[in-house]
Amino acid sequence: MKKEFAVIGLGRFGGSICKELSKEGWDVLAIDLDPDKVNEFKDIASHAVIADTTDEKVLKELGIRNIDHVIVAIGDNIQSSILTTLMLKELGIKKITVKAQNDYHEKVLNKIGADHVVHPERDMGKRIAHSIISSNVLDYLELSDDHSVVEVKAGLKMSGNSLVDLDIRAKYGCNVVAIKRGREVIVSPMATEEIVDGDILIVIGADKDISRFEKNLV
Ligand code: ADP
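In this text, all values refer to a predicted model and were calculated from it rather than measured experimentally.

Enquirer: In this structure, what is going on with helix H9 (residues 207-217)? I would like to understand it.
Expert: Given 3.6 residues per helical turn, the α-helix brings residues three or four places apart onto the same face. Within the span of H9, buried status applies to Asp-209, Ile-210, Phe-213, Glu-214 and Leu-217. Down the axis of H9, the sector holding all buried residues measures 140 degrees, keeping them to one side. Turned more than 90 degrees away from the buried face of H9, the exposed residues are Lys-208 and Lys-215. Elements in contact with the buried residues of H9: helix H6 (120-133), strand E7 (137-142), strand E8 (147-153), helix H7 (163-166), helix H8 (168-172) and strand E11 (200-206).

Enquirer: For this particular structure, what's the right way to read the sheet that holds E11?
Expert: Remark on secondary structure: sheet strands pair via backbone hydrogen bonds, oriented parallel or antiparallel. With antiparallel pairing, the 5 strands of this open sheet are ordered in space as E7-E8-E11-E9-E10. Of all the strands in the sheet, just E7 and strand E10 (184-187) have a single pairing partner and so form its edges. Here the strands of the sheet are splayed against their neighbours by 15 degrees on average, with no regard to which way each runs. Examined bridge by bridge, strand E9 (residues 175-181) and E10 share 4 bridges and lie antiparallel to one another. Within E10, the position partnered with Arg-181 by the bridge is Glu-184. Its contacts with the sheet put H9 on E7, E8 and E11, and the angle it makes with E11 is roughly 140 degrees.

Enquirer: Teacher, can you tell me more about unusual backbone geometry here?
Expert: Where the residue is not glycine, phi is negative for most of them; where a peptide bond is considered, it is trans in most cases. At Asp-167, a position not held by glycine, the phi torsion is positive, near 55 degrees. Locating Asp-167 in the fold gives a position in the loop between H7 and H8. One non-glycine residue, Ser-188, lies in the positive phi region at around 45 degrees. With respect to the secondary-structure elements, Ser-188 resides in the loop between E10 and E11.

Enquirer: Is there a simple way to explain the side chain of Glu-214 in this structure?
Expert: Relative to the elements of secondary structure, Glu-214 occurs in helix H9. Not counting chain neighbours up to four residues away, the residues in contact with Glu-214 comprise His-130, Val-137 and Val-150.

Enquirer: Explain the site of the ligand here, please?
Expert: The full set close to the ligand counts 19 residues, and Arg-12, Phe-13, Asp-32, Asp-52 and Lys-99 are the nearest of them. Arg-12 is positioned such that a nitrogen or oxygen atom in its backbone is 2.8 Å from an oxygen atom of the ligand. In this structure, a nitrogen atom belonging to the ligand sits 2.8 Å away from a side-chain N or O atom of Asp-52. Look at the ligand: alone it shows 580 Å² of surface, and the protein chains cover 84% of it. Of the residues in the shell around the ligand, the class split is 6 nonpolar, 6 polar and 7 charged.

Enquirer: Would you explain the domain arrangement of the protein chain in this entry?
Expert: Domains assigned within the protein chain are domain 1 (4-118) and domain 2 (123-217). Distance between the C-alpha centres of domain 1 and domain 2: 36 Å.

Enquirer: In this structure, what is going on with helix H4 (residues 78-90)? I would like to understand it.
Expert: In this model, H4 (13 residues) spans 18 Å end to end at C-alpha, consistent with the 18 Å of a helix rising 1.5 Å per residue. Residues of H4 that are buried: Ser-80, Ser-81, Thr-84, Thr-85, Met-87 and Leu-88. Relative to the axis of H4, the buried residues are bounded by an arc of 165 degrees and lie together on one face. Away from its buried face by more than 90 degrees, H4 exposes Gln-79 and Glu-90. Taken together, the buried residues of H4 touch strand E1 (4-8), helix H3 (56-61), strand E4 (69-72), strand E5 (95-99) and helix H5 (103-111). Looking one or two residues past H4, Gly-92 carries a phi angle of roughly 85 degrees, positive in sign.

Conventions we followed
Residues numbered from 1 in each chain as written. Predicted model: local features only at pLDDT ≥ 70, side-chain atom pairs only at ≥ 80, totals over all residues. Heavy atoms only, no water. Buried < 20%, exposed > 50% of the residue type's maximum accessible area, 1.4 Å probe, protein only. Helix = DSSP H or I, 4+ residues; strand = E, 2+ residues; numbered from the N terminus. Arc of directions from axis to C-beta. Contact = heavy atoms within 4.5 Å. Pairing = 2+ DSSP bridges. Axes fitted to C-alpha atoms, helices over the stretch in contact; angles between N-to-C directions. Near = heavy atom within 4 Å. Polar contact = N/O pair within 3.5 Å; in protein donor to acceptor, adjacent residues only side chain to side chain. Areas by Shrake-Rupley, 256 points an atom, 1.4 Å probe, with all protein chains shown as cover. Nonpolar A, V, L, I, M, F, W, Y, C, P; charged D, E, K, R; others polar. Domains from an automatic or database assignment. Expected span 1.5 Å × (residues − 1).

Here is the structure:
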């Protein structure tokens, strides 16, 4: 069965989600208070409607209950974002993703049962900071407050050595979970796997260990 999505708030973040989902062929109900925003999306989304989602009656009339996944991308108006999320939760929406504006907002959203809280500015800032520290860090994904996954380009210090030669697990407490080599991906590489120039390693571990690994080997 085809999944249906709704995006509430068509600013930069919500707008971009809406465009991408539509481009991928999904049904998207695009909602915003602002008629200009809705007009901008009328030819992009399957349906685009002007509505204030803090009004429960409006949400019911939109038939939001039948939607599988709702993305709340209301920006600065934290109160509207919380109220909308709370009502979606009460209406029994199966999956709710909400954009948080700050850490307090994130805490409240988690408390009221948002399934997935995203903090794009903060997360992107972290990712970019890591690639600024080392141009060999290609990507950085936070798993929890103190664990992450990094994607690093194998530097000169690594190539020609096997994972066991580099002793990454014992020395830095990190695990190489995969190696990307051109189009090939070696998942759970053996300790004897030799790293070649141009390899990209996917490394998982505690932030403090990853940081030591980045400083010494990347
Ligand atoms: P971004 O930082 O992603 O650009 P914005 O704050 O610019 O976010 O956009 C948020 C959007 O959410 C705006 O277009 C605004 O009109 C819309 N919005 C705010 N409150 C509501 C609401 N109660 N119901 C529907 N849309 C809303």
